[in-house]
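These are the residues of each chain, in order.
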Amino acid sequence: MGTIVCQTCEATIAYFEDEKVTTLYGQCDGCGHDDDGEKGE
Ligand SMILES: [Zn+2]
């Protein structure tokens, strides 16, 4: 089973099926709004 973890606060965002144990990093909804790298409108 794979897990998606927030790279900022390390909260578990979601799980997905996988043959092996995998951890991917993303951003949760709370941290996604505070991104200094890419600013839109
Ligand atoms: Zn977060």
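Our subject is the structure listed above.
Fair warning: this is a prediction, and the values are worked out from it, not measured in the lab. As a convention, each chain's residues are numbered from 1 in the sequence order in which they are written. This being a predicted model, a pLDDT of at least 70 is required before a residue's local features are given, and a value of 80 or more before pairs of side-chain atoms are given or counted; all residues contribute to the totals for chains, interfaces and linings.

## Regarding the overall build of the protein
Turning to step 1, where the next piece is worked out: A helix here means a DSSP run of H or I that spans at least four residues, while a strand means a run of E at least two residues long, and both kinds are numbered starting from the N terminus. From N to C terminus, the protein includes zero helices and three strands.
Turning to step 2, where the next piece is worked out: Buried residues are those with 20 or more other C-beta atoms within 10 Å of their own C-beta, exposed residues have 12 or fewer, and partly exposed residues lie in between; C-beta atoms are placed from the backbone. Within the protein, the fraction of its 41 residues that count as buried is 0%.
Turning to step 3, where the next piece is worked out: Long-range contacts, defined as pairs at least 24 residues apart, comprise 3% of the intrachain contacts of the protein with a sequence gap of at least 6. Once C-beta atoms are placed from the backbone, any two residues with those atoms within 7 Å are in contact.

## A short note on the sheet that holds strand E2 (residues 12–16)
Turning to step 1, where the next piece is worked out: A pair of strands is labelled paired if DSSP reports no fewer than 2 bridges between them. Spatially, three strands are ordered E2-E1-E3 in an open sheet, and the strand pairing comes out mixed. Looking at strand neighbours, the two that pair on one side only are E2 and strand E3 (22–26), the edges of this open sheet. Going across the sheet, the axis of each strand differs from the next one's by a mean of 25°, ignoring polarity. Angular values range over 0 to 180 degrees, each being the angle between N-to-C directions of two axes fitted as lines to C-alpha atoms, with helices fitted over their stretch in contact.

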